[in-house]
Amino acid sequence: MKKLYHGACYYPELWPEADIERDIAEMKRVGLNVVRMGEFTWAKLEPEEGKVSFDFFLRVMDRLHAAGIGVVWCTPTPTPPVWLTHGHPERCFVNADGVTMSHGARQHASYANPAVRAACLRIVDACGAALGKHPALVAWQIDNEFGCHVAEDFNPSAIAGWHVWLKNRYGTIEALNEAWGADIWSERYQSFEQVPAPVKTPFLHNASLSTAYRMYGRESIAEFMDAQCAALRKHSDRPITHNFGLQFAVNFERMCEGLDFVSFDDYPAADNWRAIVLDNDMFRPAKPGRGHWLMETSVSHNGWFGAHEVAHPPGFLAAEAVVSYALGAEAVNYWLWRQQRSGCELPHSAIMSAWFKPSVGYAEVLKVEAARKELENVLDGTCPAPAEVAITWSDLGRAMLETEPLGGHRTHTVSFNATIAEWHGIVLDLGIHRDVRFEGASLDGVKLLITPMMPHVSAAFLAKVEAMVRAGGVWICAPVTGTRTAEHGLPLDGGLSAVEALAGVEAEFSFPVTGTGATGEAFGVSAPLAGWCSALRVKDSDTRVVGELSCAQAPGRALVTERKVGEGLVVVLGAQPQGAEGAKMLSAMVDHYAERAGVTRRHEVTRGTVVCPRVAEDGRELWIVVNMDGEGGDVRLAGSEVKVGKFEWRVVEG
């Protein structure tokens, strides 16, 4: 890492061209060295179909380059011009209720429609030809926040593509009927064209169909992104990214395959500081060996009509930026440079107000720039230390839980993302350096793997896990994991399918434990349980019970089991502990198995303070310590105690 970027999203097309020189001068005073542009400019570039001009933006980029400011150019496909969709409802996105979107916001066009896709790829190709070799160009961004405002598309073109996707996947309609158990409710199909998209019905669609449509839609988005990447690469060698958000309706692992580096957007309020750590831990390992970017965050508060976050307390923004840089981000960028004077995001914070005065976050941006300059020298020649503890992210698992929030109840919400965040927070608060790794990622270097809410466990994944365990690692198979087939049905070889043989257990039955009064006791802690419970029995002599389940519906069953496999352990947790006592149990559990696995990258640190370990090529270690909760903290590093104040950070060298 030779350079850290510090930038903002910039929309010169919304203001008089005479303002550009003033903008650039102020950017230099603030210390910005990169801007992101272009994602909403299609109507400016092509006001009438076929009449394309980049003259304005070439002038802007020339001026930015002369000032030493780089540019990330976004393909403008999220906001098609009115001529593409007005009067053409067949070109617009349709949601599951059959509502057709209209021009006026963004993500309203159907990328599956042939006319829309052709127009998109034409303008992307034009971007590549016009800007691809410009000296200001640092990188490309494809579109903007795929799947942010919409999920599955039910446009007729998308449904036609669904039928093609099904044929390619199953080959014959008989194979689909068998995979989905389509004899239920007389669903059996005679041709692929008869298979409906999961639009609104009197009750519910087959789980297999609903989950497959989610995965089809997300594959389609990835293919659209790939097509844009191919168009740009014909003209340019600059790296390509896309800006993700963990809540977006996309397949992260599949999309990252086609990118050169990964970016994310996050707008955490100060009391939700763990979110920024989670995002960095998720997207750092997404492209191993390549730095990621924080492409959008707010200088003070996020906002749009009807809602806005609490303004950041002084110091939080610098802490957010430092922890991101220290955890591997090469850039921290704000949305946005100058407050919008029109549109639907008028309350959103910016570096400059609409009347071009320093805004509420201006002084905090200066703090970030001071930190960036210091960190750039400190981090040069180092990279984030490898993590020995990982949490599994499964895009298929997330889609399955969206179809079937297993264990959900009016008193208990089931969320894949929230569960990942809960386990991540447990590991983080223990001072353990961690990754969130895709289901298909390598487990090299992992000593402790936690896999929550992954209903289908593939043979390939289980083989990787077994190899890790036999070499001395520990696998915690957390609740819901292993309870469904790849086609979102129930396994016929046991409640946890192939997991049972490796774990030496039998899940005799499963049931929603919420509201039953069930409790569990393990690692010296007793806690209430909720969600989906697998009633475990030990079936091998080398498996032992380490946690007891107390529940009228499942007397005599275990809550936690462990089995020695090779040099390591396979651990199964049958139900999720809840509340403060549940958090204590999970913390004790992770602490115990991290020690058993020989995890070394962990630190005695007060909650709310984060340690970011880094290593140099010569093996030298250093740590960036950042207080994130505004309460100050301390940590033991290199044999001594290090203290940091409210939102402060320090560099500690080994």
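Before reading further, recall that the structure is shown in the block above.
The model shown is predicted, which means the values in this text are computed figures rather than measured ones.

S.K.: Help me out: how do you make sense of the overall build of the chain in this one?
M.R.: Within the chain, the regular secondary structure consists of 17 helices and 29 strands. The C-alpha atoms of the chain give a radius of gyration of 26 Å, which matches the 26 Å a tight globule of 654 residues would have. Overall, the C-alpha framework of the chain stretches about 80 × 70 × 45 Å when taken along its three principal axes. For the chain, buried positions account for 60% of its 654 residues. Once local pairs closer than 6 in sequence are excluded, the contacts in the chain between residues at least 24 apart make up 71%. As displayed, the chain has an accessible area near 24900 Å², and 53% of this comes from carbon and sulfur atoms. Averaging the locations of the 60 positively and 80 negatively charged side chains of the chain gives two centres separated by 3 Å.

S.K.: What should I look at first to understand the packing of helix H8 (residues 207-233) against helix H13 (residues 395-403) in this one?
M.R.: To describe two helices that pack against each other, one gives the angle between their axes and the distance between the axes. Packing of H8 against H13 leaves a shortest axis separation of 9 Å and a crossing angle of 130°. With respect to H13, the element H8 is oriented oblique. Here H8 runs over H13; the crossing is right-handed. Contacts between H8 and H13 pair Ala207, Ser210, Thr211, Arg214, Met215 and Arg218 from the former with Asp395, Leu396, Arg398, Ala399, Met400, Glu402 and Thr403 from the latter.

S.K.: Would you mind going over the packing of aromatic side chains with me for this structure?
M.R.: Geometrically, a pair of aromatic rings is defined through the distance of the ring centres and the angle of the planes. Going through the model one piece at a time under the given rule, you end up with 30 aromatic pairs. An angle of 45° between the planes, with centres 6.2 Å apart, marks the rings of tryptophan 185 and phenylalanine 203 as tilted. Here phenylalanine 203 lies in the loop between helix H7 (173-180) and H8 and tryptophan 185 lies in the loop between H7 and H8, a separation of 18 residues in the sequence. Each member of the pair tryptophan 185 and phenylalanine 203 is classed as exposed.

S.K.: Help me understand a nonpolar patch on the surface in this model?
M.R.: Together, Ile184, Trp185, Phe203 and Leu204 line one region of the surface with nonpolar side chains, adding up to about 520 Å² of accessible area. Assignment of secondary structure puts isoleucine 184 in the loop between H7 and H8. For isoleucine 184, a relative accessible area of 49% corresponds to the partly exposed category.

S.K.: Help me out: how do you make sense of the side chain of asparagine 251 in this one?
M.R.: Residue position: asparagine 251 is located in the loop between strand E6 (243-244) and helix H9 (252-257). Looking at asparagine 251, the relative accessible area reads 11%, which means it is buried. In this structure the side chain of asparagine 251 is engaged in a polar contact, spanning 3.4 Å, whose partner is the backbone nitrogen of glutamate 253.

Parameters and conventions
Residues numbered from 1 in each chain as written. Predicted model: local features only at pLDDT ≥ 70, side-chain atom pairs only at ≥ 80, totals over all residues. Heavy atoms only, no water. Helix = DSSP H or I, 4+ residues; strand = E, 2+ residues; numbered from the N terminus. Rg over C-alpha atoms; globule rule 2.2 N^0.38 Å. Buried < 20%, exposed > 50% of the residue type's maximum accessible area, 1.4 Å probe, protein only. Contact = heavy atoms within 4.5 Å. Areas by Shrake-Rupley, 256 points an atom, 1.4 Å probe, with all protein chains shown as cover. Lys, Arg positive; Asp, Glu negative; His and termini not counted. Charge placed at Lys NZ, Arg CZ, Asp CG, Glu CD. Axes fitted to C-alpha atoms, helices over the stretch in contact; angles between N-to-C directions. Parallel < 35°, antiparallel > 145°, perpendicular 65-115°, else oblique. Left-handed = near helix turned anticlockwise from the far one by under 90°. Phe/Tyr/Trp six-rings, centres within 6.5 Å; stacked < 30°, edge-to-face > 60°. Patch = residues over 30% accessible without salt bridge, like charges linked within 9 Å, V, L, I, M, F, W, Y side chains within 5 Å. Salt bridge = Lys/Arg side-chain N within 4 Å of Asp/Glu carboxyl O. Polar contact = N/O pair within 3.5 Å; in protein donor to acceptor, adjacent residues only side chain to side chain.

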